[in-house]
Amino acid sequence: MRPAFTLLALAAATFPHIAAAADTPPGDVIFDARLRYEALSQDSFGRDAQALTLRTRLGYETPTWRGFKLLAEGENVTAILDRYNSTTNGETAYPVVADPETTDLNRLQISYAGGAGEGVAGRQRVILGNARFIGNSGFRQTEQTFDAVRISLRPTPSLALTYVYIDRVHRVFTAKSVQGDWVSNSHVVQTEAKTPLGQLTGYGYLLGFENAPTQSSATWGIRLAGSQKLSGALSATYEAEFARQSDYRNSPSTFDLAYLDLGVGLTSGASSASLGLERLDGNGRRGFQTPLASLHAFQGWADVFLATPVRGVRDINLRASTSFKPPGWRRPIRLQGAVHDFAEADGGQDYGREIDVLVSTPLTAHITAELKAAAFDGATPVFADRTKVWLTLEAKY
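Residues numbered from 1 in each chain as written. Predicted model: local features only at pLDDT ≥ 70, side-chain atom pairs only at ≥ 80, totals over all residues. Heavy atoms only, no water.

Enquirer: Honestly, the packing of aromatic side chains in this entry has me stumped. Any pointers?
Expert: How two aromatic rings sit relative to each other is set out by the distance from centre to centre and by the angle between their planes. The final tally for this structure, using the stated rule, is 16 aromatic pairs. Measuring from ring centre to ring centre gives 4.8 Å for Phe68 and Tyr112, while their planes differ by 50°; the resulting arrangement is tilted. Here the residue Phe68 occupies a position in strand S3 (residues 68–83), and Tyr112 occupies one in strand S4 (residues 102–114), the gap between them amounting to 44 residues. Of the residues examined, Phe68 reaches a relative accessible area of 38% and is grouped as partly exposed. Owing to a relative accessible area of 37%, Tyr112 belongs among the partly exposed residues under this scheme. Taken together, the ring pairs connect Phe133, Tyr203, Tyr205, Tyr259 and Phe288 into an aromatic cluster. Lying over the aromatic face of Phe139, Arg36 brings its terminal NZ or CZ to 4.1 Å of the ring centre. (Phe/Tyr/Trp six-rings, centres within 6.5 Å; stacked < 30°, edge-to-face > 60°. Helix = DSSP H or I, 4+ residues; strand = E, 2+ residues; numbered from the N terminus. Buried < 20%, exposed > 50% of the residue type's maximum accessible area, 1.4 Å probe, protein only. Lys NZ or Arg CZ within 6 Å of the ring centre and 35° of its normal.)

Here it is, written out as structure tokens:
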């Protein structure tokens, strides 16, 4: 039987006029529901995976009192169609769709904002920068959250300083998995400065995990991202990032690996296109890893390279997106696509190519529909061909 908060959430989604008629409490009620069908065909498995899952969240954030607010949020994931390996259900004959069934606390935090800074303590969502290193993995039905203390300061309008201490990582696999929670003693520092060339970010991610020592590492890096107007609505965009990663704390091996990201593009109104190169080093024993990233957003939606191969990976990618309203259509339709060419970090071994496409549109002010697909064509049996299709309906109130 679904938990009470799930049933209440579904009722609010199905009968919004009933929810609106109720007396509105002070503070903010948090509700969202996401129904998703995911189909996965992968050459290394004899069976295709099919997953139909419903994720619901219900929470509440108090009004501000002398700068303080309290937020509590629960989460439930129910599998309606479960022909897939969730990593906890024992269905290993199917490929992995990392959406296990669960009922759990998603966030419980107290925050304070005042003057030139703010702080958050408790189980919380942490997303830094573009989420390439620290993120919530929001694409999956169970998001990644952190038991952490976060302090953010803004001494000037153009300068932001962030420090995060992470005590535990609640990963998308849920506490039912041996890799679901990581016991952490990690320190994150980040500085962001607005410059005439764009936003300049410097960071240090000192990650130590008691029960996942192979993921312990120290990463220091710098990133510049900006844009320059060319003419009319047309602008040029650019980004450059470099980082080095080495062993830290209880890491069982020593290593020194590099990360490079370069990109240029054009934007005009709601349309954009970019050409990028992302390179994660490898030394033959280990690749440059980003274990706390929102990984699905990078290196292709087929999720072939969630863990960097020991010889590293080089991703040359072309991305484009646009938004438009067809005649007679009240709401915008968003189109997004990407092509990737993958190889070893030094380019010696071809890994394969991938095509990603997405179409989404809001159906109402609160409900969005999305169709998304990814097709990976592997150049070596190590990285098997796979095709993924998602159909998603999401409601937020």
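Enquirer: Is there a simple way to explain the nonpolar core in this structure?
Expert: Grouped burial of nonpolar side chains is what soluble globular proteins tend to show. With 36 residues, the main nonpolar core has Ile134, Phe146, Ile166, Val188, Tyr205, Leu292 and Phe305 as its most contacted residues. Listing elements by their share of this core, those giving two or more residues are strand S6 (145–156), strand S7 (159–170), strand S8 (181–195), strand S9 (198–207), strand S12 (256–268), strand S16 (350–362) and strand S17 (367–378). In this structure, Leu292 is in contact with Phe133, Ile134, Gly135, Gln144, Phe146, Ile166, Val169, Trp182, Leu207 and Phe209, ignoring residues within four places of it in sequence. If you look at the next biggest cluster of nonpolar residues, it comprises seven residues, including Leu40, Ala49, Ala79 and Tyr84. (Core = buried A, V, L, I, M, F, W, Y, C linked by side-chain atoms within 4.5 Å. Contact = heavy atoms within 4.5 Å.)

Enquirer: I tried to follow the environment of Thr102 on my own but got confused; where do I start?
Expert: Inspection of the secondary structure puts Thr102 in strand S4. Thr102 sits in the buried class, given a relative accessible area of 8%. For the pair Thr102 and Asn76, spaced 26 residues apart in sequence, the C-alpha to C-alpha distance is 5.5 Å. Sequence-distant contacts of Thr102, that is, excluding residues within four places in its chain, are made with Glu75, Asn76, Val77, Thr142, Thr174 and Lys176.

Enquirer: Looking at this structure, how should I read the pairing of strand S15 (residues 333–343)?
Expert: As paired strands, strand S14 (residues 313–324) and S15 are joined by 11 bridges and run antiparallel to one another. Paired with Ser321 across the bridge in S15 is Gln336. (Pairing = 2+ DSSP bridges.)

Enquirer: So what exactly am I meant to see when it comes to the confidence of the model for the chain here?
Expert: With 94% of its residues at a pLDDT of at least 70, the chain reaches an overall mean of 93. Overall, residues 1–22 carries pLDDT values under 50, and its contacts beyond four positions in sequence, including any with other chains, amount to 25 contacts. (pLDDT = per-residue confidence, 0-100.)

Enquirer: How should I be thinking about the side chain of Glu73 in this particular structure?
Expert: Inspection of the secondary structure assignment puts Glu73 in strand S3. Polar side-chain contacts of Glu73 include one of 2.7 Å to the side chain of Asn106. In contact with Glu73, other than residues within four places in its own chain, are Ile30, Arg57, Leu58, Gly59, Leu105, Asn106, Arg107, Arg125 and Glu143. (Polar contact = N/O pair within 3.5 Å; in protein donor to acceptor, adjacent residues only side chain to side chain.)

Enquirer: Can you walk me through the pattern of salt bridges in this structure?
Expert: Oppositely charged side chains are able to pair whenever their charged atoms sit close together. Across all of its chains, the model carries 21 salt bridges by this definition. Notably, a salt bridge pairs Asp32 with Arg55, separated by 2.7 Å at the nearest N-O pair. You can see Asp32 sitting in strand S1 (residues 28–42) and its partner Arg55 sitting in strand S2 (residues 49–61), a full 23 residues away along the chain. Of the two residues, Asp32 and Arg55, neither departs from the other in class, the shared state being buried. Arg353 serves as the salt-bridge partner of Asp341, at 3.5 Å between the closest nitrogen and oxygen. Highlighted residues: Asp341 in strand S15 and Arg353 in strand S16, separated in sequence by 12 residues. Residue classification places Asp341 among the partly exposed residues on the basis of a relative accessible area of 25%. Judged by relative accessible area, which is 35%, Arg353 ranks as partly exposed. Put simply, Asp32, Arg55, Arg57, Glu75, Arg125, Glu143 and Glu394 are held in one network by salt bridges that share partners. (Salt bridge = Lys/Arg side-chain N within 4 Å of Asp/Glu carboxyl O.)

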